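Okay, here's what each chain looks like letter by letter:
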Amino acid sequence: MRTTAEHRLLPLPDGRTLVELAMTQSGPLAGPIGWLYGELFRRYLRMEADGLRRRCEQG
């Protein structure tokens, strides 16, 4: 199984930046692993996004 994570920084017209976090999985075990651990992966991505937001808002 292969897991690839991405951080995308997208400039917005008003000068702010939108951050997108994405994770993709491929290979023969991607389906079963996604089914078993998908919620955990989503929780980790949410924690990362929340931490990044807090840090950016500190200035």
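As a reminder, the structure under discussion sits directly above these lines.
The paragraphs below set out a description of the structure included in this document.

Rules and cut-offs
- Residues numbered from 1 in each chain as written.
- Predicted model: local features only at pLDDT ≥ 70, side-chain atom pairs only at ≥ 80, totals over all residues.
- Heavy atoms only, no water.
- Helix = DSSP H or I, 4+ residues; strand = E, 2+ residues; numbered from the N terminus.
- Rg over C-alpha atoms; globule rule 2.2 N^0.38 Å.
- Buried < 20%, exposed > 50% of the residue type's maximum accessible area, 1.4 Å probe, protein only.
- Areas by Shrake-Rupley, 256 points an atom, 1.4 Å probe, with all protein chains shown as cover.
- Lys, Arg positive; Asp, Glu negative; His and termini not counted.
- Charge placed at Lys NZ, Arg CZ, Asp CG, Glu CD.
- Patch = residues over 30% accessible without salt bridge, like charges linked within 9 Å, V, L, I, M, F, W, Y side chains within 5 Å.
- Salt bridge = Lys/Arg side-chain N within 4 Å of Asp/Glu carboxyl O.
- Phe/Tyr/Trp six-rings, centres within 6.5 Å; stacked < 30°, edge-to-face > 60°.

1. Here's the deal with the overall build of the protein chain
Link 1 in the chain: Each helix and strand counted, the protein chain has one helix and two strands in total.
Link 2 in the chain: Listing the helices and strands of the protein chain from first to last along the sequence gives β-β-α.
Link 3 in the chain: Here the C-alpha radius of gyration of the protein chain, 14 Å, is well above what a compact globule of 59 residues would show, namely 10 Å.
Link 4 in the chain: Reported as C-alpha extents along the three principal axes, the dimensions of the protein chain are approximately 45 × 20 × 10 Å.
Link 5 in the chain: Counting all 59 residues of the protein chain, 7% fall into the buried class.
Link 6 in the chain: Total accessible area on the protein chain stands at roughly 5,100 Å², and carbon and sulfur atoms take up 57% of it.
Link 7 in the chain: Side chains of the protein chain carry 9 positive and 7 negative charges; the gap between the two charge centres is 4 Å.

2. Some remarks on a nonpolar patch on the surface
Link 1 in the chain: On the surface, a nonpolar cluster with roughly 250 Å² of combined accessible area is contributed by Leu9, Val19 and Leu52.
Link 2 in the chain: Secondary-structure assignment places Leu52 in helix H1 (residues 30-57).

3. Thoughts on the packing of aromatic side chains
Link 1 in the chain: Going through the model one piece at a time under the given rule, you end up with one aromatic pair.
Link 2 in the chain: Ring centres 6.3 Å apart and planes at 35 degrees place the aromatic pair Tyr37 and Phe41 in the tilted group. On the criterion of helical spacing, the pair formed by Tyr37 and Phe41 is a turn pair, its members being four residues apart in helix H1.
Link 3 in the chain: Its relative accessible area of 40% is what places Tyr37 among the partly exposed residues.
Link 4 in the chain: Of the residues examined, Phe41 reaches a relative accessible area of 21% and is grouped as partly exposed.

4. A few points about the environment of Pro32
Link 1 in the chain: Position of Pro32 relative to the elements: it lies in helix H1.
Link 2 in the chain: Along the backbone, Pro32 and Arg53 are 21 residues apart, and their C-alpha atoms lie at a distance of 31 Å.

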